[in-house]
Amino acid sequence: MDNEKLFELEIISPDRIFYNGQVSFVEMRTREGDIGVYKKHIPLTVILVPGLVKIYEPSEPEPKKAIVHAGFAEILENKVTIMAEVAEWPEEIDLNRAEEARIRAERRLNEEGEGVNIDRAEAALRRSLARIEALK
């Protein structure tokens, strides 16, 4: 691949530098919808929601998949920095736990009555669905 089309991608979570490398394209989920970024994208800052981040490396035929639970991305012409609350590779995810979390979140959302924090339940559901999506 032509190095002139590559840019730096850095994904940072509180506990580690999750990813740092040269990529040709990256896709991520924002509050406004999915976004794809090539080199020389207009400068932009976006808020991320739980979802897949697809990382296109020049030497790989298929994108790497990561799960980001929340955070933001700073997009510059030659670099994208993702600051994530949590970032995970699919192999770090336990599918059974993700399915159980999905069921619990759906149950809470279907409950009638006080004491159910709808925002927390919806966030838990989005996180569990992102994990499940990454494994399929």
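The rules behind each value
Each chain has its residues counted from 1, following the order in which its sequence is written. Totals for whole chains, interfaces and linings use all residues, but because this is a predicted model, local features are given only for residues with pLDDT of at least 70 and pairs of side-chain atoms are given and counted only at 80 or more. The side-chain numbers reported here are obtained from all heavy atoms of the structure, hydrogens and water having been left aside. Numbering of helices and strands runs from the N terminus; a helix is a DSSP stretch of H or I covering at least four residues, while a strand is a stretch of E covering at least two. Throughout this description, buried means an accessible area under 20% of the type-specific maximum (1.4 Å probe, protein chains only), exposed means over 50%, and partly exposed covers the range between. By this rule, a helix spans an expected 1.5 Å times one less than how many residues it contains. This arc corresponds to the set of directions leading from the helix axis out to the C-beta atoms. The definitions used throughout rest on a 1 Å grid laid over the protein atoms alone, on which a cavity is an enclosed set of points accommodating a 1.4 Å probe that cannot get out and a pocket is an open set flanked by protein within 12 Å on both sides along at least five of seven lines; lining residues are those having an atom within 4 Å of a point. Grid points are joined across faces, edges and corners, and a volume is the space filled by probe spheres set on the points. Only Asp, Glu, Lys and Arg are considered charged in this grouping, and only Ala, Val, Leu, Ile, Met, Phe, Trp, Tyr, Cys and Pro are considered nonpolar; every other residue, Gly among them, is considered polar. Pairing between strands is defined by DSSP: at least two bridges between the two strands are required. For patch detection, residues must exceed 30% relative accessible area and be free of salt bridges, and they are connected within 9 Å for like charges or within 5 Å for nonpolar side chains (Val, Leu, Ile, Met, Phe, Trp, Tyr). Note on areas: Shrake-Rupley, 1.4 Å probe, and residue coverage restricted to the protein chains presented here. What counts as a salt bridge is simple: a side-chain nitrogen of Lys or Arg found within 4 Å of a carboxyl oxygen of Asp or Glu. Here Asp and Glu are counted as negative and Lys and Arg as positive; His is not counted, and neither are the chain ends. Think of each charge as sitting on NZ of Lys, CZ of Arg, CG of Asp or CD of Glu. The axes are straight lines fitted to the C-alpha atoms, using for helices just the contacting stretch, and the angles between their N-to-C directions are given from 0 to 180°. For classification purposes, an angle smaller than 35 degrees is called roughly parallel, one larger than 145 roughly antiparallel, one from 65 to 115 roughly perpendicular, and anything else oblique. Whether a crossing is left-handed or right-handed is set by the direction in which the near helix is turned from the far one by less than a right angle, anticlockwise for left-handed and clockwise for right-handed. Note on contacts: a residue pair is in contact if any heavy atoms of the two residues lie within 4.5 Å. Pairs were defined over the aromatic rings of Phe, Tyr and Trp, the Trp ring being its six-membered one, requiring ring centres within 6.5 Å. Orientation was assigned from the angle between planes: stacked under 30 degrees, edge-to-face over 60, tilted for the rest.

Engineer: Would you mind showing me how to read the overall build of the chain here?
Structural biologist: A tally of helices and strands in the chain yields two helices and ten strands. Secondary structure elements of the chain occur, N-terminal to C-terminal, as β-β-β-β-β-β-β-β-β-β-α-α. Considering only C-alpha atoms, the chain reaches an extent of 55 × 30 × 25 Å along its principal axes. Considering the chain as a whole, with its 136 residues, one finds that 40% of them fall into the buried category.

Engineer: What is the right way to look at helix H1 (residues 95–110) in this model?
Structural biologist: For an α-helix the count is 3.6 residues per turn, leaving residues at separations of three or four pointing the same way. Its 16 residues place the ends of H1 23 Å apart at the C-alpha level, agreeing with the 22 Å of an ideal helix rising 1.5 Å per residue. Regarding H1, the residues found buried are Ala 98, Ala 101 and Ala 105. Along the long axis of H1, the arc covered by the buried residues comes to 60 degrees, so they all point the same way. Across from the buried face of H1, at angles greater than 90 degrees, the exposed residues are Asn 96 and Asn 110.

Engineer: Where do I start with the layout of surface pockets in this structure?
Structural biologist: Any empty space left between the atoms is revealed when a probe the size of a water molecule rolls over them. Estimated volume of the largest pocket: approximately 250 Å³. When contributions to the lining of the largest pocket are tallied by element, the ones reaching two or more residues are H1 and helix H2 (118–135). In terms of residue class, the lining of the largest pocket is made up of four nonpolar, one polar and seven charged.

Engineer: Before we go on, may I ask you to explain the pairing of strand E1 (residues 7–13) in this structure?
Structural biologist: Here is the key point about a regular strand: its side chains alternate between the two faces of the sheet. Within E1, five of the seven residues are buried, which leaves the element mostly enclosed by the surrounding structure. The pairing of E1 with strand E2 (residues 16–23) spans seven bridges and is antiparallel. The residue of E2 that forms the bridge with Ser 13 is Arg 16. Strand direction decides the pairing type here: E1 and strand E9 (residues 79–84), joined by five bridges, are parallel. Of the residues in E9, the one forming a bridge with Ile 12 is Met 83.

Engineer: What exactly am I supposed to notice about a positive patch on the surface here?
Structural biologist: A contiguous patch of positive charge on the surface is contributed by Arg 97, Arg 104, Arg 107, Arg 108, Arg 120, Arg 126 and Arg 127. Every element with two or more residues in the positive patch is listed here: H1 and H2. Here the positive patch takes four residues from H1, the largest share from any one element. In this fold, Arg 108 is placed in helix H1.

Engineer: Which parts of the structure should I look at to understand the packing of H1 against H2?
Structural biologist: Packed helix pairs are characterised by how far apart their axes lie and by the angle those axes make with each other. Where H1 meets H2, the closest approach of the two axes is 8 Å, and the angle between their N-to-C directions is 150 degrees. Viewed along their axes, H1 and H2 adopt a mutual orientation that is roughly antiparallel. Every pair of crossing elements has a handedness; the one defined by H1 and H2 is left-handed. Listed contacts from H2 to Leu 95, Ala 98, Glu 99, Ala 101, Arg 102, Ala 105, Glu 106, Arg 108 and Leu 109 of H1 are Ile 118, Ala 121, Glu 122, Ala 124, Leu 125, Ser 128, Leu 129, Arg 131, Ile 132 and Leu 135. Counted by class, the contact of H1 with H2 contains twelve nonpolar, one polar and six charged residues.

Engineer: What exactly am I supposed to notice about the packing of aromatic side chains here?
Structural biologist: For any pair of aromatic rings, the description rests on two quantities: the centre-to-centre distance and the angle between the ring planes. Scanning the entire structure with this criterion turns up four aromatic pairs. Taken together, a centroid distance of 4.4 Å and an interplanar angle of 35 degrees make the contact between Phe 25 and Tyr 38 tilted. With Phe 25 in strand E3 (residues 25–30) and Tyr 38 in the loop between strand E4 (33–37) and strand E5 (44–48), the pair connects residues that are 13 residues apart, well separated along the chain. Linked through ring pairs, Phe 18, Tyr 19 and Trp 89 together constitute an aromatic cluster.

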